[in-house]
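# Secondary and tertiary structure notes
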Amino acid sequence: MKFGWFLLAASVAALPFDSLHVLEIEEGKTIMVRETEKWSLKRKGVQFMDITNFPKLLKSKDEKAVVPVYRYPKETQCDEIVNSLSKGVDKVSMHDNLAKFTSFYTRYYKSDTGYESAVWLSEKLSNITSPLNNDVVIEHVQHKGWKQFSIIVSIKGAQTPENIVVMGSHQDSMNLLLPSILAAPGADDDGSGTVTNLEALRLYVEHLSTTGYRPNNTIEFHFYSAEEGGLLGSLDVFTRYAEENKKVVAMLQQDMTGYVEDPENEHVGVITDYTTPGLTEFIKLIIRRFLDIPYVETECGYACSDHGSATKNGFPASFVIESEFNKSNKYIHSTMDTLDRLSFDHMAQHVRLVVGSLFELGNWEFKLEEETK
Ligand SMILES: *[C@@H]1O[C@H](CO)[C@@H](O)[C@H](O)[C@H]1NC(C)=O
Ligand SMILES: *[C@@H]1O[C@H](CO)[C@@H](O)[C@H](O)[C@H]1NC(C)=O
Ligand SMILES: *[C@@H]1O[C@H](CO)[C@@H](O)[C@H](O)[C@H]1NC(C)=O
Ligand SMILES: [Zn+2]
C-alpha cells in the first residue's frame, strides 16, 4: 500500500502542472479539484461531468436546457427487416474488432495509443461505410487539450434531415490506478459498446446499399473521446450541437454491453435516472420486440455516461447497459477488463437494440407531445 502511494505521489510530482477542474457531481452541485484528485474521486465511485471548459452549462435550475417531450412510436413497424438483419450479426467480426481495439496498450484520451486507436477506428468506419459513397460523412471532432478525437458518422435524412437520431458509445479507456502509465484494454468499457455500434452500422449500411433505402431522418453514430475524463468529448460535441441549433430528437448510449454476471438470469439494464422517460419507454418496446432477453430497470447515478451530455444540452437520451447496474462488470478501469470475460451473444443482443432503434426512429415523424394533443 505504501509503495502504491509512493508511486502515486511520484506520478503527481512528475506532472508539468496539475490544473484546476470544475466538476459537476450532482445536478447543480460543483466542486473544484486538481486533475489528480479527479482520478481519486473516480476510484471512490464519484461520477462527474468536467465542465471546466463549458461555463455556459453552469446554469441555475430555471435557466437550464429543457429536454423537449417528443412523441415516440408506441408500436414497431419494421419487425420484418429488423428480425431479418438481426440474423446476420457477425460475432466473429465483432470479436476480431474487439481484439484489435483492446490491443492498443491504453485508449486513454491523452495517450499516443489513444490517438492511434482513434485513427484505426476511423479507418474501420470508412471501410464499413464505403458502399454508401457520398451519402455518408465521417467527421473528426478535434478537442482542445488532448489528442484523441471524437468521430461522427452521419447519414443524411432524405426528407427531414434536421431531425437527428444519434447512436453513441465512447472509444477511450482508462486505468484508474495510473492512467498515463498502466495498460487499459477497456474490453467492456467501452470496447464492447464501440463494436456493438460498429456491427449495427455495418448491418444498416448493408441494407441501405443493397436496397437503396434511405431514412427520412438523419442517422448519426458518435464515437466519443474522453468519456472517462468526465464526459469531455460528448460534452464538446453536444455543446457545439446546441450552439449550432441542431435538433437531436433521440440519443441512445451503449456503454458496457458484453458482461453477463449470471448467465441463468441474462438481461439488459434500462437506465431510468437522468434519462428521458418517453424515449426510454420506446426503448423498452424495442427490447420486448427484438431481443431474446428481458430488461431490468436500474439506476447508474449522475453523469454515468455520455447520454448525460445530451440531456445536459437539452436533447432527449437513453442508456441501456449490459445488466442491472450492481451486476455490471467489476473489472473495468483495470488491466483485467479483457475480452475473454465477455459474451458476444450478449453484445449481439445490444446490436439488435441498436438496429431496431435505427429503423423505427429513422422514419419516425417527430412531433412534440403537446402538438399532438
Ligand atoms: C480497410 O480496408 C483496407 C482495404 O481493404 C484494408 O487494407 C485495411 O486494413 C482496412 N482497415 C481496417 C481498419 O479494417
Ligand atoms: C442490486 O440492486 C437491486 C435493485 O436495486 C437490489 O434488489 C439487489 O439486492 C441488489 N443486489 C446486490 C447484490 O446488491
Ligand atoms: C418519409 O417521408 C415521406 C415524405 O414526407 C412520407 O411520405 C413517408 O411516409 C415517410 N416515411 C415514413 C416511413 O414515415
Ligand atoms: Zn468507464
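Structural notes, computed from the coordinates. Predicted model only: the values in this text are computed from it and were never measured. (Residues numbered from 1 in each chain as written. Chains lettered and ligands numbered in written order. Predicted model: local features only at pLDDT ≥ 70, side-chain atom pairs only at ≥ 80, totals over all residues. Heavy atoms only, no water.)

A few words on the site of ligand 3. The environment of ligand 3 is formed by Gln159, Asn216 and Asn363. At a separation of 2.4 Å, an oxygen atom of ligand 3 approaches a polar side-chain atom of Asn216. Contacts to ligand 3 include Asn363, whose backbone N or O atom sits 3.3 Å from an oxygen atom. Within the complex, 36% of the 360 Å² of free accessible area of ligand 3 lies under protein. (Near = heavy atom within 4 Å. Polar contact = N/O pair within 3.5 Å; in protein donor to acceptor, adjacent residues only side chain to side chain. Areas by Shrake-Rupley, 256 points an atom, 1.4 Å probe, with all protein chains shown as cover.)

So, about the packing of aromatic side chains. Inspection of every chain in the model, using the stated rule, returns 15 aromatic pairs. Aromatic pair Tyr115 and Phe149: ring centres 5.9 Å apart, planes at 80°, arrangement edge-to-face. With Tyr115 in helix H5 (residues 112-129) and Phe149 in the loop between strand S4 (136-141) and strand S5 (150-155), this residue pair connects regions lying 34 residues apart in the sequence. For Tyr115, a relative accessible area of 31% corresponds to the partly exposed category. Look at Phe149 and you get buried, because its relative accessible area is 3%. Aromatic side chains Tyr224 and Phe238 sit 5.9 Å apart centroid to centroid with 50° between the ring planes, which places their arrangement in the tilted category. Of the two residues, Tyr224 is situated in strand S7 (residues 217-224) and Phe238 in helix H7 (residues 232-243); the sequence distance between them amounts to 14 residues. (Phe/Tyr/Trp six-rings, centres within 6.5 Å; stacked < 30°, edge-to-face > 60°. Helix = DSSP H or I, 4+ residues; strand = E, 2+ residues; numbered from the N terminus. Buried < 20%, exposed > 50% of the residue type's maximum accessible area, 1.4 Å probe, protein only.)

Bound to the zinc ion (ligand 4) are the protein donor atoms Asp189 (OD), Glu228 (OE), Glu228 (OE) and His333 (NE2), situated 1.9 to 2.6 Å from the metal. For the zinc ion (ligand 4), the 4 donor atoms are set out with angles of 54 to 141° between them, so the coordination reads as irregular. Mapped onto the polypeptide sequence, the residues donating to the zinc ion (ligand 4) form the spacing pattern D-x38-E-x104-H. Here the residue Asp189 occupies a position in helix H6 (residues 187-211), and His333 occupies one in the loop between strand S11 (317-321) and helix H10 (344-362), the gap between them amounting to 144 residues. (Donors = N, O, S within 2.8 Å, 3.2 Å for Na, K, Ca; no water. Tetrahedral: all angles 85-135°; square planar, octahedral: opposite > 155°, others 65-115°.)

As far as function goes, none of this settles anything; it's purely spatial.
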